[in-house]
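Descriptive analysis of the structure
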Amino acid sequence: MKELRPRGGKRTRVTSRRGVFNPEDNTRVKHTRLGVWDLYEEKEPELASIPGSSRLERFLSLKQSIPYLWMMLKDIGRIKSCWMLLMCYGVLVFVGSLIPALSIWYKGKMLKIVEMAVETRTVDKNILLNTTLGSIGCSLATRIISIAKNKVQRPLQTRLRRHYVSHIFRARARLDVPTFDDPAVQRQLDSVSSIGNTTVAWQTVNLVTSLGGVVIKVVSQVAVLAGVLSSQPDGVLLAVLSILPGLLQYFSSDPLGFKGIGVWAATTKNEHYIRIEGLKHVVSFPEHRQELVAGNMMSFILAMFSDATLHVGDYMNNFWQSVNDYNMHTFSFTSLLKDMSEHLPQLAFVLRAIHQPTSIPVSVASLSLIRENASDLSWMLFRFVEQTGSIADQLGTIRKLYEIRNIPNKVVDGTEPFPEDETKMKREGVGLEFRNVSFTYPGGNDYALRDVSFKMHPGQLCVIVGENGSGKSTILKLCVRLYDPQQGEILLDGRNIRELKLDDLRNAMSVLFQNFTHFPLSIRDNIILGNPSLASDDAKIRLAAELGGSTNFIERLPEGFDTYLDRPVQDLYSGLPEGTKTLFGRPVDYQGVRSAGGMASGTTGLSGGQMQRLALSRMFMRSFVSDDSQVGLLLFDEPSASLDPTAEHDLFRRLRELRGNKTMIFSSHRFGNLTRHADMILYMSDSRIVESGTHEELLKREGDYARIWMLQAQAFL
Ligand SMILES: Nc1ncnc2c1ncn2[C@@H]1O[C@H](COP(=O)(O)OP(=O)(O)OP(=O)(O)O)[C@@H](O)[C@H]1O
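In this numbering scheme, every chain counts its residues from 1 along its sequence in written order. Predicted model: local features are reported for residues with pLDDT of at least 70 only, side-chain atom pairs are reported and counted for 80 or more only, and whole-chain, interface and lining totals are derived from all residues.

1. Observations regarding the sheet that holds strand S3 (residues 264-268)
DSSP-based pairing: two strands are paired if at least 2 bridges between them are found. The secondary structure listing takes helices from DSSP runs of H or I that are at least 4 residues long and strands from runs of E that are at least 2 residues long, numbered from the N terminus. With respect to topology, four strands assemble into an open sheet ordered S1-S2-S3-S10, the strand pairing being antiparallel. Since the sheet does not close on itself, it has two edges, and those belong to strand S1 (29-34) and strand S10 (572-574), each with one partner. Pairwise comparison of adjacent strand axes, ignoring direction, gives a mean angle of 15 degrees for this sheet. Pairing between strand S2 (residues 37-42) and S3: five bridges, direction antiparallel. Each residue of the ladder has a partner; that of Leu39, found in S3, is Ala266. Its contacts with the sheet put helix H11 (residues 319-328) on S1, S2, S3 and S10, and the angle it makes with S1 is roughly 95 degrees. To obtain each axis, a line is fitted to C-alpha atoms, and for helices this fit is confined to the stretch in contact; angles are then taken between N-to-C directions over 0 to 180 degrees. Residues are treated as contacting if the C-beta atoms built from their backbones sit within 7 Å of each other.

Structure below.
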């Protein structure tokens with residue numbers, strides 16, 4: 001079944017009406033439950049209960065637009081040669097609309113000839129020739145008119161677009177700042193299509209001319225049909241019965257179920273569904289991958305997903321899928337009538353044949369049979385070709401679906417458990433050594449690290465400093481085996497990290513990346529992911545938030561720890577009155593209406609520093625809040641880049657208090673407290689370690705480290 005979706009603003013009606021849409025107002029708003037979704041629709045006025053009345057209402061609203069249509073026509077008249085082209089186009093539409101009637105007239109004549117031939121066994125060859133030529137002429141004329149319409153349409157469309165591009169450009173250019181920033185104004189401007197590709201004028205011209213064409217077609221065809229059928233027994237009855245299914249179709253397509261028209265909004269409060277969507281983002285988008293891998297979060301993420309899917313059950317549908325399900329189960333009496341009415345002409349024909357067998361024009365029956373069969377056959381052939389293609393596509397997709405399970409990982413798992421003695425590691429930390437390590441990123445053409453060697457003893461504090469792009473972050477990434485170096489080896493407590501089980505290796509480390517990520521889950525889940533084994537320990541979660549410095553801003557958020565930073569499931573709405581500023585407790589985002597068919601982004605704005613505090617909370621959760629933590633090596637890439645001086649000072653104080661004997665590596669641009677307390681400083685330049693030693697040793701050496709230290713110190717003099 002075709003999925004219902006708003007397309008090109010066709011279904012989503014832009015409202016400029018004043019007022020507010022309030023989902024809670026059940027006198028004006030209808031609430032429907034669609035799976036996990038809550039749909040709120042503004043009730044139609046009472047008039048809508050008459051079948052087809054919503055169409056009538058729409059036609060009536062056309063009246064208000066007619067002055068603007070007239071204005072547009074006058075405008076078009078002023079564009080060079082547009083009037084001429086428009087006239088030509090109109091004439092072509094007019095003539096083209098008369099042809100089907102002419103064609104029916106010729107067909108009627110042909111029927112008469114056949115009838116006469118059956119009765120008298122003679123044929124007037126001249127009439128037969130003229131009729132045949134006329135029929136062929138009709139088909140030919142249809143084709144020629146369609147080509148001519150295309151020829152006229154192209155320059156007409158181009159000129160209209162050119163004119164209206166500058167029209168919209170001028171309309172936009174003249175607006176002042178507050179007007180321009182007003183979402184309602186933006187919405188209004190966008191409803192007339194994007195600035196570079198405005199087709200509104202052409203669509204209107206096309207719509208008006210084709211509407212005119214339809215009227216001409218209907219009137220002329222009905223007139224000819226009446227003429228042709230009136231001379232046949234029961235012709236008028238047959239004509240009426242043939243038109244009936246069409247009329248019923250018109251009424252049965254009135255909104256039944258949900259069609260996405262009018263003012264409506266939808267949201268879901270199902271926490272399991274929201275979590276599923278968040279988790280899908282987590283495993284799909286590259287920005288989460290390095291933390292996911294380095295933090296060994298995959299098995300917890302899988303468990304979370306299974307649990308959530310179990311809770312949601314069969315309702316794991318997005319909004320539009322739920323709408324389709326709902327509509328499929330909505331019963332329409334008129335469409336049932338329509339289906340039945342399609343058989344009425346045949347029934348009438350058969351009844352007549354039984355009552356007056358002598359007067360049946362047999363040729364009419366055989367002709368219509370041949371015609372119907374021919375169209376059925378071509379339709380079936382078309383479906384066959386179409387379906388063969390789509391079956392091939394479908395099978396290809398199934399193959400891909402299964403192949404992805406076998407994509408091999410580039411970082412190959414080791415076999416040896418680590419550490420040998422967990423208590424010793426916790427007590428003393430781990431030792432780390434880089435031996436002649438060189439590394440180029442996949443696809444990179446230059447070394448990110450070149451022949452890097454250094455050795456850290458268990459429990460030491462190391463600070464890596466140096467220029468941008470010199471390779472500091474890369475050292476940290478290689479420690480957790482996000483990548484493997486092409487040359488050299490990395491040793492943890494004297495053992496090559498390639499030989500250690502990846503899970504064990506990553507469990508022994510905790511990394512805070514410079515480009516840390518936040519998962520599109522709740523704040524609580526974001527912290528829990530630091531140490532999933534403490535998922536149900538609320539006190540520990542709060543302690544981690546406290547240590548990371550996040551408690552203050554989390555508690556100020558309306559939903560506290562349950563707040564989603566980036567809501568993975570978006571609200572949908574359309575046609576809201578412009579006074580609606582918030583919906584379901586979130587601000588209405590009209591920008592979203594533009595880009596995604598009525599979706600709000602639902603992002604909670606946190607500052608860069610607050611984001612960093614949250615990432616730190618996750619790190620504290622992993623490393624410090626529990627005595628069971630297996631972490632022996634802590635890696636920090638610019639942990640205080642976005643923190644204010646007080647927060648930075650507090651962070652380093654807390655780390656000093658809590659670290660015990662854990663080994664720590666910091667990458668930083670800030671020289672100060674950190675470098676002064678370091679057991680070893682590595683100064684990097686151009687992918688190499690150019691200086692190493694303690695703060696005092698490097699100052700004495702009077703190299704690059706000393707020069708930068710002086711530069712930073714002078715800034716405070
Ligand atoms: N994912 C990547 N793909 C390709 N090249 C990369 C990638 N990440 C980093 N590089 C390159 O590797 C080199 C070292 O980068 P790295 O991030 O380690 O530097 P850095 O010293 O941490 O820099 P900064 O001080 O700016 O954070 C740079 O030249 C960088 O352009």
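From this point on, the discussion continues.
2. So, the site of the ligand
Contacts to the ligand come from 13 residues, most closely from Tyr441, Ala448, Asn468, Ser473 and Thr474. Counting residues per element, the shell around the ligand draws most heavily on helix H16 (residues 472-479), at three residues. The residue inventory of the shell around the ligand, partitioned by class, reads two nonpolar, 10 polar and one charged. Proximity of a residue to a molecule or strand is defined by its backbone-placed C-beta atom lying within 6 Å of that partner. Gly counts as polar in this scheme, as do all residues outside two lists: the nonpolar Ala, Val, Leu, Ile, Met, Phe, Trp, Tyr, Cys and Pro, and the charged Asp, Glu, Lys and Arg.

3. Quick look at the sheet that holds strand S8 (residues 495-496)
With respect to topology, four strands assemble into an open sheet ordered S5-S4-S7-S8, the strand pairing being antiparallel. Two strands close off the open sheet at either side, each with one partner strand: strand S5 (449-456) and S8. Two strands pair when backbone bridges link them, and strand S4 (residues 432-439) and S5 are joined in this way by five bridges, in the antiparallel orientation. Residue pairing for S5: Glu433 is matched across the bridge by Lys455. Across the sheet, H16 is in contact with S4, S5 and strand S7 (487-492); its angle to S4 comes to roughly 115 degrees.

4. Some words on the packing of helix H2 (residues 82-120) against helix H3 (residues 125-173)
Running from amino to carboxyl end, H2 crosses H3 at an angle of 160 degrees, the nearest separation of the two axes being 8 Å. On the basis of the axis angle, H2 is roughly antiparallel to H3. Judged by the twist between their axes, the crossing of H2 over H3 is left-handed. When grouped by side-chain class, the residues that make up the contact of H2 with H3 number 21 nonpolar, seven polar and three charged. Oblique is the label for any angle not covered by the other classes, which are roughly parallel (under 35 degrees), roughly antiparallel (over 145) and roughly perpendicular (65 to 115). Handedness of a crossing follows from how the near helix is turned relative to the far one, being left-handed for an anticlockwise turn of less than a right angle and right-handed for a clockwise one.

5. A short note on the nonpolar core
Residues Ala265, Ile464, Cys479, Ala544 and Leu635 are the most contacted members of the largest nonpolar core, which totals 105 residues. It is helix H22 (residues 608-623) that contributes the most residues to this core, six residues altogether. Source of the domain bounds: an automatic or database domain assignment. Of the domains in this structure, domain 2 (430-508 + 632-687) and domain 3 (518-563 + 604-629) are the two that each give at least three residues to this core. Other than its neighbours up to four places away in sequence, Ile464 contacts Lys472, Ile475, Ile665, Phe666, Ser667, Leu682 and Met684. By convention in this section, buried Ala, Val, Leu, Ile, Met, Phe, Trp, Tyr and Cys residues joined through C-beta atoms within 7 Å make up a nonpolar core. Counts of 20 or more other C-beta atoms within 10 Å of a residue's own C-beta define buried residues, counts of 12 or fewer define exposed ones, and intermediate counts define partly exposed ones; C-beta atoms are placed from the backbone. Ranked by size, the runner-up nonpolar core spans eight residues in total, among them Leu85, Leu160, Tyr164 and Val205.

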